[in-house]
Amino acid sequence: MAVDPLIELRGVNKHFGQLHVLQDIHLTVGRGEVVVVIGPSGSGKSTLCRIINRLETVESGDILIDGQPLPAEGRDLARLRADVGMVFQSFNLFAHKTVLANVSLGPVKARGRKREEANRRSRELLERVGLADQAHKYPAQLSGGQQQRVAIARALAMDPKVMLFDEPTSALDPEMINEVLEVMQQLAAEGMTMVVVTHEMGFARSAANRVVFMADGRIIEDRTPDDFFTHPETDRAKDFLSKILKH
């Protein structure tokens, strides 16, 4: 068990129609931990990510963030979402706003920061993701890798307690994947609590404290990367690894 749990899922179940996408999920993520969630398509990984900040509701079970149960809706939910940064496959940037404005918007609107202060902090974050010189541009003027790094800066601008990444590199061209993973590696090294759904096994090996392997809506294995990649315990995990590690 994590010493200082920041995220706790207890007996969580979720259906889409007849499909039982999350089956009795128990998962604890400690403060400062990096947990990478992997598994075949349709195993429930993205849904797991999306229930943590209530983009999807669950039928049963408890979800706690920093000891507090997930609020249903309204102001409390907005506050929770400010504490839980989310980076998706698609970058979801506002096309008509500059990079700087995209990053500053959340702190001004949701955290009540003054625009000058928000802009100053946003410039620091853009520097941190290697895009200080792109602040005046619009998203369409950037590459996919740059847009995703802006999306990471935007999530960080809210000073979240935890960052969720739902396949953040899967929409990117191969040569852009590393520039995004490097930013994520840096965040992990700085102690950011992270839950990362990804197909990037190199990142899982090097940045994760734990690898959670999912199949058919269940958590099948939850182990250190070293243990998981060298000695998978289940046939499902062995099969999965044999398929992906050949490529």
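Scoring rules and cut-offs
Residues numbered from 1 in each chain as written. Predicted model: local features only at pLDDT ≥ 70, side-chain atom pairs only at ≥ 80, totals over all residues. Heavy atoms only, no water. UniProt positions renumbered as here; feature names shortened; annotations may be inferred. Pairing = 2+ DSSP bridges. Helix = DSSP H or I, 4+ residues; strand = E, 2+ residues; numbered from the N terminus. Axes fitted to C-alpha atoms, helices over the stretch in contact; angles between N-to-C directions. Contact = heavy atoms within 4.5 Å. Buried < 20%, exposed > 50% of the residue type's maximum accessible area, 1.4 Å probe, protein only. Phe/Tyr/Trp six-rings, centres within 6.5 Å; stacked < 30°, edge-to-face > 60°.

- Going by what an unreviewed UniProt entry lists, the protein is known as ABC-type polar-amino-acid transporter and is assigned to Streptomyces pristinaespiralis.
- According to the UniProt record, the Sequence similarities (unreviewed entry) comment for the protein reads "Belongs to the ABC transporter superfamily."
- UniProt, in its Catalytic activity (unreviewed entry) section for the protein, records the words "a polar amino acid(out) + ATP + H2O = a polar amino acid(in) + ADP + phosphate + H(+)".

1. Let's talk about the sheet that holds strand E8 (residues 193–197)
So, point 1. Here we have 6 strands laid out as an open sheet, ordered E6-E7-E8-E3-E9-E10, and mixed in their pairing. For this open sheet the edge positions go to strand E6 (84–87) and strand E10 (218–223), each flanked by a neighbour on one side alone. Shown here is a sheet whose adjacent strand axes are inclined to one another by a mean of 15°, direction ignored.
So, point 2. By the bridge criterion, 4 bridges tie strand E3 (residues 34–38) to E8 in an arrangement that is parallel. Across the sheet, Val 37 pairs through a bridge with Val 197, a residue of E8.
So, point 3. Here helix H1 (residues 45–52) sits on the sheet in contact with E3, E6, strand E7 (162–166), E8 and strand E9 (210–215), set at roughly 150° to E7.
So, point 4. Taken strand by strand, helix H2 (residues 75–83) contacts E6 and E7, and its axis lies near 65° from that of E6.

2. Topic: the environment of Gly 130
So, point 1. Position of Gly 130 among the secondary structure elements: in the loop between helix H4 (115–128) and helix H5 (144–156).
So, point 2. The exposure class assigned to Gly 130 is partly exposed, which follows from its relative accessible area of 47%.
So, point 3. Remark: the alpha-carbon pair of Gly 130 and Asp 166, spanning 36 residues in sequence, is separated by 21 Å.

3. So, the packing of aromatic side chains
So, point 1. This structure, assessed with the given rule, holds 3 aromatic pairs.
So, point 2. An angle of 50° between the planes, with centres 5.2 Å apart, marks the rings of Phe 213 and Phe 240 as tilted. Pair noted here: Phe 213 is in strand E9 and Phe 240 is in helix H9 (residues 235–244), with a separation of 27 residues, a long-range link.
So, point 3. A relative accessible area of 0% means that Phe 213 is categorised as buried.
So, point 4. With a relative accessible area of 11%, Phe 240 lands in the buried category.
So, point 5. Members of the aromatic cluster, connected to one another through ring pairs, are Phe 213, Phe 228, Phe 229 and Phe 240.

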